[in-house]
Amino acid sequence: MNDHQKSLILSSSSQFPPPQGVKLSYGTSGFRADASILQSTVFRVGILAALRSLRTQSVIGLMITASHNQVSDNGIKVGDPSGGMLTQDWEPFADSIANAPTPQELLQLVEEFVAKEGIRFDGSRPAKVLLGRDTRPSGDSLLEAAKQGISSIVGASAVDMGIVTTPQLHWMVRAKNKGLKAAELDYFEQLSSSYRCLLDLIPNGSKVEKAENKLVVDGANGVGSEKLEGLKKSLDGLDIEIRNTGKEGVLNEGVGADFVQKEKILPQEFGPKDVGIRCASLDGDADRLVYFTLPSESSSKIDLVDGDKILTLFAVFIKEQLSILTEGGQMVEDGYHARLGVIQTAYANGASTNYLRQLGLEIALTPTGVKYLHEKAAEYDVGIYFEANGHGTILFSDHFLSWLEAKNNELASRSKGSEQKKAALRLLAVSKLINQAVGDALSGLLLVEAILIHKGWSICKWNGLYQDLPSRQLKVKVIDRTAVVTENAETIAVKPPGIQEAINAEIAKYPCGRCFIRPSGTEDVVRVYAEASTQEAADSLANSVAKIADQFLGSRSSSSV
Ligand code: G16
């Protein structure tokens, strides 16, 4: 680093002093906090993104969002060249620069890291960062801070993609680095054309009842509603009504996928008129999707069709297509067997895991956070990952896609095999429709809709694949959530000492009881998840364990869902 570069970092960072007395960390999905304390963090992540671009010689993404959090929060996360999350190797650097108290200490950390990573400032390929933000009012000024951080690295450029969903930005980064068209219209075109392709391949006679055609979407008063409007224009025959578009309500307040999944009641703007209608909820930045339906006018309690059920629907469909393609799973002449895996977290309802096991699927468990699930899913030819909260996607390996293309060409030259050819074409269409960079509510929604039409299933038929075990989630505000340390994909708390034994003693009181605690990586809380044979038992187990968390960790205030 030359002197000009060093003085540029020193002078620009002096305009963004870090907040006093706050320790920030790159959590489940980047930095998140009250927006008022984030200027310095966002500025510094701008520097990191430009360095990452130099290191990888690729375009990097920066998304300003706090997704499902309340509107006064905001956050920032980095998208790597593949479009996926920032490599975990760089997270400690993100933590250290976010917390460096002075410009001099920040510069020293940057210099050390640049030397360690062998980052070159020779100007051969200047850094390039794509920036996006959600609809939060704090987004504009944080975007400016990010731009300042990026331009503290000599030659680096920031390209503002405007207000986009988080998955759109990840998709754009991936497309740019593959040399493909990466504008929003290209995203819409890819999604709508692959959706239409799946509809063209629907077997004769698979049609849902006319009344079943309507889909009502809760846009969480966020960016997803506007983008779904845009996407709708290029979709024929899908009757979508969008509510909670943000014109009146507040982002994520009484609306959105997180609210619907946790509370299991109707979001605002939904009511008795919606009985029996297929409904879906997006979250604040449209990377999560859940479905629901209202069974009766007399209550606002919904039948939730969560991320586990979406995973199951996708797994059933993909398995079926693979089976057609490989003639019932028999060894085909080229001897290739695609490895299909499904990835869940400890939050997955036990009934879903049992069902997937009965289907004969290979199941892996990871800690919470798309960064972990995505990494695991990439180990398979087809890896389907979903969190119960509706965050997930399907990954196809390059090797599998090449095999599929070759198979498709080979089948084209044969007279028999049209069913196999259709299966190959369907899988290719799914690989284009479903976001390969990150979980994406819009592409997930189109795939759900296409599969339901393909199978002629109503939402009730889909929801009836298995029955969820009753569950309850609570948040506990404790003095220091980092005092909780977990192992075994967050199923066991190893710290503070003795807490797991106390939890186990509670679980033992409930038939089919299961319960765990973990520190949130996006909110300042400890989360409690409990499952049991009845709703009362699940509620009671969750409440007892929340009290244990209070006792061991010290309560800041009462717990709430
Ligand atoms: C983010 C992550 C998800 C995670 C969720 C909650 O979602 O991307 O993988 O499940 O946070 O995380 P935690 O329980 O650690 O707070 P989003 O939609 O908020 O970006």
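Keep in mind that what you see is a predicted model, and the values were worked out from it rather than measured. (Residues numbered from 1 in each chain as written. Predicted model: local features only at pLDDT ≥ 70, side-chain atom pairs only at ≥ 80, totals over all residues.)

K.L.:
Which residues make up the overall build of the chain, and what values do they have?
P.N.:
Each helix and strand counted, the chain has 18 helices and 19 strands in total. In summary, the chain has a C-alpha radius of gyration of 24 Å against a globular reference of 24 Å for 561 residues, a match within 12%. With the principal axes as the frame, the chain shows a C-alpha extent of 70 × 60 × 50 Å. Sorting the 561 residues of the chain into buried and exposed places 48% on the buried side. (Helix = DSSP H or I, 4+ residues; strand = E, 2+ residues; numbered from the N terminus. Rg over C-alpha atoms; globule rule 2.2 N^0.38 Å. Buried ≥ 20, exposed ≤ 12 C-beta atoms within 10 Å, placed from the backbone.)

K.L.:
Describe helix H13 (residues 398–412), and please don't skip the residues or the numbers.
P.N.:
With 15 residues, H13 extends 21 Å from end C-alpha to end C-alpha; this agrees with the ideal 21 Å at 1.5 Å per step. Residues of H13 that are buried: Phe400, Leu404 and Lys407. Here the buried residues of H13 occupy an arc of 65° about the axis, which is enough to place them on one side. Across H13 from its buried face, at more than 90 degrees, point the exposed residues Asp398, His399, Ser402, Glu405, Asn409 and Ala412. On its buried face, H13 sits against helix H10 (307–325), strand E13 (382–386), strand E14 (392–396) and helix H14 (418–433). (Expected span 1.5 Å × (residues − 1). Arc of directions from axis to C-beta. Contact = placed C-beta atoms within 7 Å.)

K.L.:
Residue-level account of the packing of H10 against helix H15 (residues 441–455), with values.
P.N.:
Running from N to C, H10 and H15 cross one another at 55°; their axes reach a closest spacing of 11 Å. Between H10 and H15, the interaxial angle falls into the category oblique. Here H10 runs over H15; the crossing is left-handed. Where H10 approaches H15, its residues Ile310, Leu313, Phe314 and Phe317 are matched on the opposing element by Gly444, Leu447, Val448 and Ile451. Taken together, the residues that form the contact of H10 with H15 break down as seven nonpolar, one polar and no charged. (Axes fitted to C-alpha atoms, helices over the stretch in contact; angles between N-to-C directions. Parallel < 35°, antiparallel > 145°, perpendicular 65-115°, else oblique. Left-handed = near helix turned anticlockwise from the far one by under 90°. Nonpolar A, V, L, I, M, F, W, Y, C, P; charged D, E, K, R; others polar.)

K.L.:
How would you explain the UniProt feature "binding site: substrate" (unreviewed entry) in the chain if you had to name every residue and give the values?
P.N.:
The feature "binding site: substrate" (unreviewed entry), as annotated in UniProt, sits at Glu387, Ala388, Asn389, Arg518, Pro519, Ser520, Gly521, Thr522 and Arg527 in this numbering. Mapped onto the elements, Arg518 comes out in strand E18 (residues 514–519). If we skip the residues at most four places from it in the chain, Arg518 touches Thr368, Val484, Thr486, Glu490 and Arg527. Filtering out sequence-adjacent residues up to four positions away, Thr522 remains in contact with Gly27, Thr28, Ser29, Arg32 and Asn69. (UniProt positions renumbered as here; feature names shortened; annotations may be inferred.)

K.L.:
Before we move on, can you summarise the sheet that holds strand E10 (residues 303–305) with the specific residues and values?
P.N.:
Read from one edge to the other, the open sheet built from five strands follows the order E7-E6-E8-E9-E10, with strand pairing classed as mixed. A single partner strand is all that each edge strand has here, and the edge strands are strand E7 (240–243) and E10. Strand-to-strand twist of the sheet, defined as the mean angle between neighbouring strand axes without regard to direction, takes the value 25°. The pairing of strand E8 (residues 278–282) with strand E9 (residues 289–293) spans four bridges and is antiparallel. Within E9, the residue paired with Leu282 across the bridge is Leu289. Against the sheet, H15 makes contact with strand E6 (215–218), E8 and E9, and its axis sits at roughly 45° relative to E9, the strand it touches most. (Pairing = 2+ DSSP bridges.)

K.L.:
Outline the site of the ligand, listing residues and values.
P.N.:
Close to the ligand lie 18 residues, the nearest being Thr28, Ser67, Ser520, Gly521 and Thr522. The class makeup of the residues in the shell around the ligand is one nonpolar, eleven polar and six charged. (Near = placed C-beta within 6 Å.)

K.L.:
Give a description of the nonpolar core that names residues and reports values.
P.N.:
Val45, Ala50, Val129, Ala146, Phe314 and Ile384 are the most contacted members of the largest nonpolar core, which has 126 residues in total. Apart from the residues lying within four places of it in its own chain, the contact partners of Phe314 are Ile384, Ile394 and Leu447. Formed by 28 residues, the second largest nonpolar core is a distinct cluster that contains Ala493, Phe516, Ala532 and Ala546. (Core = buried A, V, L, I, M, F, W, Y, C linked by C-beta atoms within 7 Å.)

K.L.:
Go over the domain arrangement of the chain, please, and point to the residues and values.
P.N.:
Here the chain is partitioned into domain 1 (3–163), domain 2 (198–303), domain 3 (308–463) and domain 4 (471–553). A C-alpha centroid distance of 32 Å is found between domain 3 and domain 4. In terms of residue class, the side of domain 3 that touches domain 4 is built from four nonpolar, six polar and no charged. (Domains from an automatic or database assignment.)

K.L.:
An account of the environment of Phe43 is needed here, citing residue identities and associated values.
P.N.:
One can find Phe43 in helix H2 (residues 39–56). Using a count of 28 C-beta atoms within 10 Å as the deciding quantity, one classes Phe43 as buried. In this structure the C-alpha to C-alpha distance between Phe43 and Ala378, which are 335 residues apart in sequence, comes to 31 Å. When neighbours within four sequence positions are excluded, Phe43 is seen to be in contact with Ser13, Phe16, Ala145, Ala146, Gln148 and Gly149.

K.L.:
Give a detailed account of the pairing of strand E11 (residues 340–344), specifying residues and quantitative values.
P.N.:
Counting buried residues in E11 gives five out of five residues, a clear majority hidden from the surface. Side chains Leu340, Val342 and Gln344 of E11 all project onto a buried face; the interleaved residues Gly341 and Ile343 project onto the opposite face, where all are buried too. Pairing between E11 and E13: four bridges, direction parallel. Within E13, the residue paired with Ile343 across the bridge is Tyr385. When E11 meets strand E12 (residues 362–365), the two strands line up parallel, connected through four bridges. Residue pairing for E12: Ile343 is matched across the bridge by Ala364. Between the parallel pair E11 and E12, the chain is carried across by helix H11 (residues 350–358), and the sense of this crossover is right-handed. (Right-handed = clockwise from strand over helix to strand, strands pointing away.)

K.L.:
Let's hear about the packing of H2 against helix H3 (residues 91–98): which residues, and what values?
P.N.:
Geometry of a packed helix pair, given as the angle between the helix axes and the separation of the axes. Closest axis-to-axis distance for the H2/H3 pair is 9 Å, and the angle between their directions is 140°. In terms of orientation, H2 and H3 fall into the oblique class. Between H2 and H3 lies a crossing whose hand is right-handed. Between H2 and H3, the residues in contact are Thr41, Arg44, Val45, Ile47 and Leu48 and Phe93, Ala94, Ile97 and Ala98, respectively. When the residues that make up the contact of H2 with H3 are grouped by side-chain class, the tally is seven nonpolar, one polar and one charged.

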